[in-house]
Amino acid sequence: MEIIAAERLFDGLKDSALEKGGLLVDGDRIVEVGFTQELLTRYPSAELTHFPGCTILPGLVNCHSHTVMPGDGSSVEDAMTAGDDQLFLRAAENVRRSLRAGVTTLADLGARNDVAFTLRDAVETGSVDGPRLVLAGRAVTSPRGHCWQFNAEVSNREEMDAQIDSLLERGADLLKIMANGGGTLGTDPFNPQFDEDLLAFAVNKAHEAGKPAFAHCSCTTVVRQAVRAGFDVIVHGNFNRDRDVLDFDEELAKEAADKGTRWNPTLEITRCGIRKMEDSGESDEAIARRWHAYEQRELEIERLKGLGITMLAGSDEGWGTNAFGTFHREVEALTRAGHTPVEALRSATSLSAESLGVGDLVGSFAPKMASDILVVAGNPLEDIACLSDVRAVWCRGIRVDRGE
């Protein structure tokens, strides 16, 4: 057995850290959480690994990524010209980067064919070094809809039924529906891809199988459809009716809060896009407009939170210029949108784990929970930027070789 100790320990649940706290771990499970000195007294034969000036916290849980995407600015059209073997190799490198950066549970919300499932098999057998993977498999979309290249296009109830059955049979942990268009050529981000009845049918199928249902939504009309269809998590969740035209619906937000609908706002992907504009030399005026729109988005997220909606940290890594291994930026972005550092940390640990259906295993510290552990320098409960200074990671009880 091993005692992992630091200056403080955050368990993923409480409002404060345990000073001089530590974990007693035995293989891939946590045995006890407590004051380091008390653990040393009760378990004198345990090996001690101590990190002075650091904080121990649960391994991070990123509830939104696309492992087959490169995160280098490539469009989905360009990225999907690769064969499945090439996509697998890309995905393997992506998950390796995530793990080294402290993400020990990673959700993939859309990959082509069976690549994500093959990747999970490789991680679980030790062929690929990566975090625990929670998978949607092929994100379900309309014919030539958003991410149609992932090969899960449906146009009616029968096709939706067959597609969801196929995903569940292959081992999907959750359902992801592209409820409107997005960054795929020829799709419309401001109008529905499905009617509400078909969305509700998909949600019921997922829930009957005991799986959470996530909906990609980027306009008020589609957010309304998805909330009323019963989705557990709204991905993106923009309230607008056109590009940069806000259309916040407080009554709809209250309805979502009353139903317990959660939000994955994907803030960092927008910030990546603005940085790309800056690097490419676009006009100051255009960049200023985008920053203004983004600041309005931050206020929108703060309003939603104030109405009682739970926010989940999921960065959409892989998309656009949002590279893997940078999840800490998404957590930092939440602190600019009305979250305290502790609230942002919970969004990136226990709350995301719970929403993915794995909260009984990861995302917090307690006896019998998985020994998925992150150690960072400093105190992220006071300065969230500390998440970027990773000192050690354990996943499944094994300390990760971070290539240092």
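Predicted model only: the values in this text are computed from it and were never measured.

Novice: Would you explain the overall build of the chain in this entry?
Specialist: Looking only at helices and strands, the chain features 13 helices and 17 strands. The C-alpha atoms of the chain give 21 Å as radius of gyration, which agrees with the globular expectation for 404 residues (22 Å, within 12%). Considering only C-alpha atoms, the chain reaches an extent of 65 × 45 × 45 Å along its principal axes. Scored against the burial criterion, the 404 residues of the chain give a buried share of 56%. Excluding contacts between residues fewer than 6 apart, the proportion of contacts in the chain whose partners are at least 24 apart in sequence is 69%. Positive and negative side-chain charges in the chain, numbering 42 and 65 respectively, have mean positions lying 1 Å apart.

Novice: Quick question: what am I supposed to make of the pairing of strand β8 (residues 132-135) here?
Specialist: Two faces, one strand: in a regular strand the side chains alternate between the faces of the sheet. The side-chain alternation of β8 yields two buried faces, one formed by R132 and V134 and the other by L133 and L135. Direction of pairing for strand β7 (residues 103-108) relative to β8: parallel, over a ladder of four bridges. Across the sheet, D108 pairs through a bridge with L135, a residue of β8. Chirality of the crossover, the property in question, places the unit of β7, helix α4 (residues 115-124) and β8 among those that are right-handed.

Novice: Teacher, can you tell me more about the pattern of salt bridges here?
Specialist: Side chains bearing opposite charge may pair, as long as their charged atoms lie close to each other. According to the stated counting rule, one finds 29 salt bridges in the structure shown. E93 serves as the salt-bridge partner of R97, at 3.2 Å between the closest nitrogen and oxygen. Of this pair, R97 and E93 both sit in helix α3 (residues 84-100), four residues apart, which is roughly one turn of the helix. In this structure R97 comes out as partly exposed when scored by relative accessible area, which is 40%. For E93, a relative accessible area of 31% gives the class partly exposed. Note that R224 and D249 form a salt bridge whose closest N and O atoms lie 2.7 Å from each other.

Novice: Could you clarify how one ought to interpret the sheet that holds strand β6 (residues 60-65) in this entry?
Specialist: Taken in spatial order, the three strands make up an open sheet running β6-β7-β8, and their pairing is parallel. Both edges of this open sheet fall to β6 and β8, since each of them pairs with a single strand only. Neighbouring strand axes in the sheet, compared pairwise and without regard to direction, differ in orientation by 20° on average. Bridge count between β6 and β7: four bridges; the pairing is parallel. Within the sheet, the bridge partner assigned to S65 lies in β7 and is D108. Along the sheet, α4 makes contact with β7 and β8, crossing β8 at roughly 155°.

Novice: Mind showing me how you'd approach helix α8 (residues 250-259) here?
Specialist: Each α-helix turn comprises 3.6 residues. Residues three or four places apart therefore point the same way. Buried within α8 we find L252, A253, A256 and A257. For α8, the buried positions fall inside an angular range of 140° around the axis, keeping them on one side. Across α8 from its buried face, at more than 90 degrees, point the exposed residues E251 and D258. Where α8 is buried, its residues meet α7 (220-229), β14 (262-264) and α10 (284-306). The backbone nitrogen of E251 lies 3.2 Å from a side-chain oxygen of the residue at the head of α8, namely D249. Directly after α8, the chain includes G260, whose backbone phi takes a positive value near 80°.

Reading the values: the criteria
- Residues numbered from 1 in each chain as written.
- Predicted model: local features only at pLDDT ≥ 70, side-chain atom pairs only at ≥ 80, totals over all residues.
- Heavy atoms only, no water.
- Helix = DSSP H or I, 4+ residues; strand = E, 2+ residues; numbered from the N terminus.
- Rg over C-alpha atoms; globule rule 2.2 N^0.38 Å.
- Buried < 20%, exposed > 50% of the residue type's maximum accessible area, 1.4 Å probe, protein only.
- Contact = heavy atoms within 4.5 Å.
- Lys, Arg positive; Asp, Glu negative; His and termini not counted.
- Charge placed at Lys NZ, Arg CZ, Asp CG, Glu CD.
- Pairing = 2+ DSSP bridges.
- Right-handed = clockwise from strand over helix to strand, strands pointing away.
- Salt bridge = Lys/Arg side-chain N within 4 Å of Asp/Glu carboxyl O.
- Axes fitted to C-alpha atoms, helices over the stretch in contact; angles between N-to-C directions.
- Arc of directions from axis to C-beta.
- Polar contact = N/O pair within 3.5 Å; in protein donor to acceptor, adjacent residues only side chain to side chain.

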